[in-house]
Amino acid sequence: MTHEAAGVPTTRNDEDRQDNDRPDAPRPAPEAEDARGAQDAPGTPDAAAGEAGGPEDAQPRPEARLARAVQVAEQALIEFEIAVETFRVEVENFSRLHHQRLGPMYTRLDELDALIAEARAARTGDPEDERKAREARAVVMPMPGVDELFHDWMDTDGLSPEAAAMLTEQAVRPPKRVRPSEEARKLYRELARKAHPDLAQDEPERQRRDEFIARVNAAYGRGDVDLLKELVAEWAAGPVQPLTPLSESEELYARLEWLSRRKELLTVLAKELEDGAIGSMLRMAPDDPDQLLEDIAEQLLGEVSRREAELAEMVQ
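Residues numbered from 1 in each chain as written. Predicted model: local features only at pLDDT ≥ 70, side-chain atom pairs only at ≥ 80, totals over all residues. Heavy atoms only, no water.

*Asks:* Looking at this structure, how should I read helix 10 (residues 203–222)?
*Replies:* Residues three or four positions apart in an α-helix share a direction because the helix packs 3.6 residues into each turn. In a regular helix each residue adds 1.5 Å, so 20 residues correspond to 28 Å; helix 10 covers 29 Å between its end C-alpha atoms and thus fits that length. Burial in helix 10 covers these residues: Arg209, Phe212, Ile213, Val216, Ala219 and Tyr220. The buried residues of helix 10 all sit within an arc of 120° when viewed along its axis, so they share a single face. Residues of helix 10 that are exposed and point over 90 degrees away from its buried face: Glu203, Pro204 and Arg222. Those residues of helix 10 that are buried are in contact with helix 9 (182–195) and helix 11 (225–237). Of the residues flanking the start of helix 10, the one acting as N-cap is Asp202, its side-chain oxygen 2.8 Å from the backbone nitrogen of Glu205. (Helix = DSSP H or I, 4+ residues; strand = E, 2+ residues; numbered from the N terminus. Expected span 1.5 Å × (residues − 1). Buried < 20%, exposed > 50% of the residue type's maximum accessible area, 1.4 Å probe, protein only. Arc of directions from axis to C-beta. Contact = heavy atoms within 4.5 Å. Polar contact = N/O pair within 3.5 Å; in protein donor to acceptor, adjacent residues only side chain to side chain.)

Right, here's the structure in full:
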């Protein structure tokens with residue numbers, strides 16, 4: 001490297017010059033002169049390094065800068081996901097506790113409203129009051145039965161036969177007819193001719209055809225014309241081609257695009273949570289949502305007491 005780069009002065013002081021100018025002054029050894037000349041020679045590695053600049057002057061590869069951008073985006077997305085998930089858990093927990101603790105109070109208020117309306121209608125005999133009483137009673141929904149909750153998937157004896165059949169991988173329902181429609185039979189024959197495993201040229205292709213024909217057979221057994229049509233289109237499209245390996249830059253750009261789409265989806269989710277009924281309530285007490293739940297419960301208890309007193313006065 002040059003003397004400048006090494007921090008060595010380029011000139012010596014006057015005393016050094018005078019000493020070197022004296023005839024009897026000691027001369028450097030030839031090896032030292034050669035070494036000094038080698039250090040100062042412009043073609044040496046040190047000199048070349050000095051002219052080219054240090055490692056800090058080297059420009060990073062574009063892929064390195066892109067990788068850094070991906071890393072920053074990943075960290076930002078992780079933090080955003082944590083924030084959204086934290087709020088989602090609070091909304092879900094608040095909703096559950098709200099229903100668990102306050103649900104009976106809301107039900108009691110609906111019942112009291114119906115009783116008050118019915119008492120008023122009985123006292124006045126006014127058709128309008130009777131109509132309001134019927135509407136108030138309709139709001140008080142009876143507790144749904146098990147079969148209503150599970151939409152015929154479960155009855156009082158346990159799982160329905162259809163649900164049990166699905167769990168054992170049997171047909172969920174018996175076929176609608178013994179013989180599928182003519183359209184289903186036509187589609188089935190077309191697919192069987194094209195996709196039969198015996199037409200395979202190698203073992204992977206035979207396996208693919210076996211799996212496909214199994215789906216065709218199941219669809220035909222149910223007489224599902226729409227699914228058979230989808231299978232016709234799927235077979236016509238051919239097997240899924242293996243993806244071409246991406247370059248480093250392409251992979252990084254694809255990763256950035258995915259991170260961007262993920263952030264957009266999380267933004268939509270966050271807005272839905274915030275704009276929902278529970279989210280709006282949570283924003284009223286961001287520091288202590290549990291206390292908010294207690295405050296609402298206290299208000300509801302007060303409403304229940306007032307309406308019970310009103311009903312008591314009406315039925316005296």
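Back to the text.
*Asks:* Would you mind going over the nonpolar core with me for this structure?
*Replies:* One broad trend across soluble globular proteins is that nonpolar side chains are buried collectively. Ranked by internal contacts, the top residues of the largest apolar core, which has 30 residues, are Phe94, Leu102 and Ile296. Elements supplying a minimum of two residues to this core: helix 5 (62–124), helix 12 (248–275), helix 13 (277–284) and helix 14 (289–314). Top element by residues in this core is helix 5. It accounts for 13 residues. Setting aside its immediate chain neighbours within four residues, Leu102 contacts Leu97, Leu293, Ile296, Ala297 and Leu300. Membership of the second largest hydrophobic core comes to 13 residues, among which are Ala195, Phe212, Ala219 and Leu231. (Core = buried A, V, L, I, M, F, W, Y, C linked by side-chain atoms within 4.5 Å.)

*Asks:* What am I meant to see in the packing of helix 10 against helix 11 here?
*Replies:* Angle between the axes and distance between the axes are the two parameters that describe a pair of packed helices. For the pair helix 10 and helix 11, the least separation of the axes is 9 Å and the interaxial angle reads 160°. It follows from the interaxial angle that helix 10 and helix 11 lie roughly antiparallel. Handedness of the crossing formed by helix 10 with helix 11: left-handed. Contact residues: helix 10 offers Glu205, Arg208, Arg209, Phe212, Arg215, Val216, Ala219, Tyr220 and Arg222, while helix 11 offers Leu227, Leu228, Leu231, Glu234 and Trp235. Partitioned by chemical class, the residues of the contact of helix 10 with helix 11 number eight nonpolar, no polar and six charged. (Axes fitted to C-alpha atoms, helices over the stretch in contact; angles between N-to-C directions. Parallel < 35°, antiparallel > 145°, perpendicular 65-115°, else oblique. Left-handed = near helix turned anticlockwise from the far one by under 90°. Nonpolar A, V, L, I, M, F, W, Y, C, P; charged D, E, K, R; others polar.)

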